[in-house]
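What follows is the residue order along each chain.
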Amino acid sequence: MLAITQAAAALENWRLTNAVMYVTKEPCPMCAGAIVLARLKKIVWGCDDPKRGGARSKFEILDHADLNHRVEIQTGVLEAECKSVIQNFFRKRRAEKKEIC
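Let's talk about the pairing of strand 2 (residues 42–47)
Argument step 1. With five of six residues buried, strand 2 is to be regarded as a mostly interior element.
Argument step 2. In this structure, strand 1 (residues 20–25) lies alongside strand 2, joined through five bridges in parallel fashion. When the bridges of strand 2 are listed, V20 appears paired with K42.
Argument step 3. One crossover worth recording links strand 1 to the parallel strand 2 by way of helix 2 (residues 29–37), and it is right-handed.
Argument step 4. Pairing geometry for strand 2 and strand 3 (residues 72–75), over four bridges, is parallel. Within strand 3, the residue paired with K42 across the bridge is E72.

Below you can see the structure in the form of structure tokens.
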């Protein structure tokens, strides 16, 4: 959401029709909706989110027939590295939480 907002502000246009977004993990339903509304051309991500994925795994928002825009999808780019980044982030968060308690 922040990246879309900042890109729109920088371009002074809410339509990001030529933009390609690169992310580590499949967008959630809220972010997938924002991607469609911003009219992004393409999104590239490393790992799917089978429990909450809003673009392909759980919901197919980016390619939903009732919406006015379709977003190109490319998945699996640096998948192992993306999984590692996400796992390490949450491992660190859990360790920090244990220290507080």
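What to know about the sheet that holds strand 3
Argument step 1. Ordered in space as 1-2-3, the three strands form an open sheet in which the pairing is parallel. Taken across any chain shown, the strands that pair with only one partner, and hence form the sheet edges, are strand 1 and strand 3. Across the sheet, the mean angle separating the axes of adjacent strands is 20 degrees when strand polarity is ignored.
Argument step 2. Across the sheet, helix 3 (residues 79–100) lies against strand 1 and strand 2, angled at about 70 degrees from strand 2, the strand it touches most.

Some thoughts on helix 2
Argument step 1. What helix 2 keeps buried is the set A32, A34, I35 and V36.
Argument step 2. Contacts made by the buried residues of helix 2 are with helix 1 (2–11), strand 1 and strand 2.
Argument step 3. Just downstream of helix 2 lies R39, where phi reads positive at about 65 degrees.

Comments concerning the environment of V44
Argument step 1. Along the chain, V44 falls in strand 2.
Argument step 2. A C-alpha to C-alpha distance of 21 Å links V44 and N88, two positions 44 residues apart in sequence.
Argument step 3. Once you skip the residues sitting within four places of it in the chain, V44 turns out to touch V20, M21, Y22, V23, Q74 and V77.

Digging into the environment of A95
Argument step 1. Its place among the elements puts A95 in helix 3.
Argument step 2. Along the primary structure A95 and R39 are separated by 56 residues, whereas in three dimensions their C-alpha atoms are 39 Å apart.

Rules of the game
Residues numbered from 1 in each chain as written. Predicted model: local features only at pLDDT ≥ 70, side-chain atom pairs only at ≥ 80, totals over all residues. Heavy atoms only, no water. Buried < 20%, exposed > 50% of the residue type's maximum accessible area, 1.4 Å probe, protein only. Helix = DSSP H or I, 4+ residues; strand = E, 2+ residues; numbered from the N terminus. Pairing = 2+ DSSP bridges. Right-handed = clockwise from strand over helix to strand, strands pointing away. Axes fitted to C-alpha atoms, helices over the stretch in contact; angles between N-to-C directions. Contact = heavy atoms within 4.5 Å.

By themselves, these observations are geometric and do not establish any function.
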